[in-house]
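A structural walkthrough
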Amino acid sequence: MMDLSDSQIERYARHIMLPQVGGEGQSRLLSASVLVVGAGGLGAPLLLYLAAAGVGRIGIVDDDVVDLSNLQRQVIHQTDGIGVAKVESAAARMRAINPDVVVELHRLRLNRGNIESLIAPYDLVVDGTDNFATRFLLNDACHFGGKTLVSAAMLRFDAQISTFKSHLGDPHPCYRCIFREPPPPGMVPTCSEGGVLGALAGTMGSLQAVEVLKELLGIGDSLSGRLLLYAALETSFRTVKVRRDPDCPLCGTHPTYKDLSHHPF
Ligand code: ZN
């Protein structure tokens, strides 16, 4: 348990006065580590809030550079950062918000060869990517690696979020218990193909940040076993119960996936 300095007590005062957090919870956050995959629409508010909250070590995985078309939603990046690596652009903003936070940059694309060693040094992993291949790869690697995964996805005006901790066994489902395999390429458009309301990324990335902080602090009801659906045009939130599927090829009773070799890259 680390002692908080006077300036930390002031910085985190609104956390510390919450009985569910307190000085002990804030110290826990400062000792915690989170890997965020994707410094885009979801990653932008997520990274800003995790840094502001004082999560002690935050890793960012992204191989892209800031593009003018990103700025409609990726609020961690700025117009004068166009052309800069997203991990660099995001890290600069996070360090400016909170010098307590160690930001670790991973400028690369996840694949089945590098993912296990990347997630291993972190307490928790967050999926802020925009493609099914990486989402399934993250799900499988987190299951094998014993990591809790907070995963969200969005398109146009609709979004979803859940937390997966299938490594803990029954009753916790994994992403594959809901969506067995990735859809055929081209069937479900990405945000770059289908569009997305920028502020929806703010809602969903912020929801991810809240769920990450809850998991790190061990407070409240985990989203594991529930899928939260947000329909922005109807302004409706709906929660669907999700069960662990005994026939799941990853976390079921007779899994057929025993490593990551079934992934195309
Ligand atoms: Zn499963």
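To keep things clear, this report deals only with the structure shown in the data block. (Residues numbered from 1 in each chain as written. Predicted model: local features only at pLDDT ≥ 70, side-chain atom pairs only at ≥ 80, totals over all residues. Heavy atoms only, no water.)

A cis amide bond, omega 5 degrees, links aspartate 170 with the succeeding residue proline 171. Along the chain, the position of proline 171 falls in the loop between strand 6 (158-164) and helix 8 (175-178). For threonine 235, which is not glycine, the phi torsion reads 45 degrees and is therefore positive. On the secondary structure map, threonine 235 appears in the loop between strand 7 (226-231) and strand 8 (236-241). (Helix = DSSP H or I, 4+ residues; strand = E, 2+ residues; numbered from the N terminus.)

Between helix 3 (residues 22-31) and helix 10 (residues 198-217), the shortest axis-to-axis distance is 9 Å and the interhelical angle comes to 110 degrees. The angle between the axes of helix 3 and helix 10 places the two elements in the roughly perpendicular class. Here Gly25, Arg28 and Leu29 of helix 3 come into contact with helix 10, specifically with Leu213, Leu216 and Leu217. Of the residues that constitute the contact of helix 3 with helix 10, the class distribution is four nonpolar, one polar and one charged. (Axes fitted to C-alpha atoms, helices over the stretch in contact; angles between N-to-C directions. Parallel < 35°, antiparallel > 145°, perpendicular 65-115°, else oblique. Contact = heavy atoms within 4.5 Å. Nonpolar A, V, L, I, M, F, W, Y, C, P; charged D, E, K, R; others polar.)

Attention now moves to the pattern of salt bridges. Throughout the structure, instances matching the rule amount to nine salt bridges. Here arginine 109 ties to aspartate 63 by a salt bridge, and the two come within 3.3 Å at their closest N and O atoms. Here arginine 109, found in the loop between strand 3 (102-106) and helix 6 (115-119), pairs with aspartate 63, found in the loop between strand 2 (57-61) and helix 5 (86-97); they are 46 residues apart in sequence, far enough to count as distant. Glutamate 211 serves as the salt-bridge partner of lysine 214, at 2.9 Å between the closest nitrogen and oxygen. In this pair, lysine 214 and glutamate 211 are both assigned in helix 10, three residues apart and thus about one turn of the helix distant. For the residue pair lysine 214 and glutamate 211, the accessibility class agrees, reading buried in each case. Salt bridges linked by common partners bring Asp140, Arg176 and Glu181 together as one network. (Salt bridge = Lys/Arg side-chain N within 4 Å of Asp/Glu carboxyl O. Buried < 20%, exposed > 50% of the residue type's maximum accessible area, 1.4 Å probe, protein only.)

Where strand 7 and strand 8 come together, six bridges link them in antiparallel fashion. Within the sheet, the bridge partner assigned to tyrosine 230 lies in strand 8 and is phenylalanine 237. Where strand 7 folds back on strand 8, the antiparallel hairpin that results is connected by four residues, among which threonine 235 adopts a positive phi of roughly 45 degrees. (Pairing = 2+ DSSP bridges.)

The subject of this paragraph is the sheet that holds strand 3. Pairing is mixed in the open sheet, where eight strands are placed in the order 3-2-1-4-5-6-7-8. Looking at strand neighbours, the two that pair on one side only are strand 3 and strand 8, the edges of this open sheet. Going across the sheet, the axis of each strand differs from the next one's by a mean of 15 degrees, ignoring polarity. Note that strand 2 and strand 3 share five bridges and pair parallel. Counted as the bridge partner of isoleucine 58 is valine 103 from strand 3.

Ring pairs (aromatic) are described by centroid distance and by the angle formed between their planes. A full pass over the atoms with the stated rule returns four aromatic pairs. Between phenylalanine 164 and tyrosine 175 the ring centres are 5.8 Å apart and the planes differ by 90 degrees, which places this aromatic pair in the edge-to-face class. Placement of the pair is phenylalanine 164 in strand 6 and tyrosine 175 in helix 8, with a sequence separation of 11 residues. A single burial state applies to phenylalanine 164 and to tyrosine 175, both of which are buried. In this structure an aromatic cluster arises from ring pairing among Phe136, Phe164, Tyr175 and Phe179. In this structure, arginine 57 packs its charged tip against the face of tyrosine 122, placed 4.8 Å from the ring centre. We note arginine 135 situated over the ring of phenylalanine 132; from NZ or CZ to the ring centre the distance is 5.5 Å. (Phe/Tyr/Trp six-rings, centres within 6.5 Å; stacked < 30°, edge-to-face > 60°. Lys NZ or Arg CZ within 6 Å of the ring centre and 35° of its normal.)

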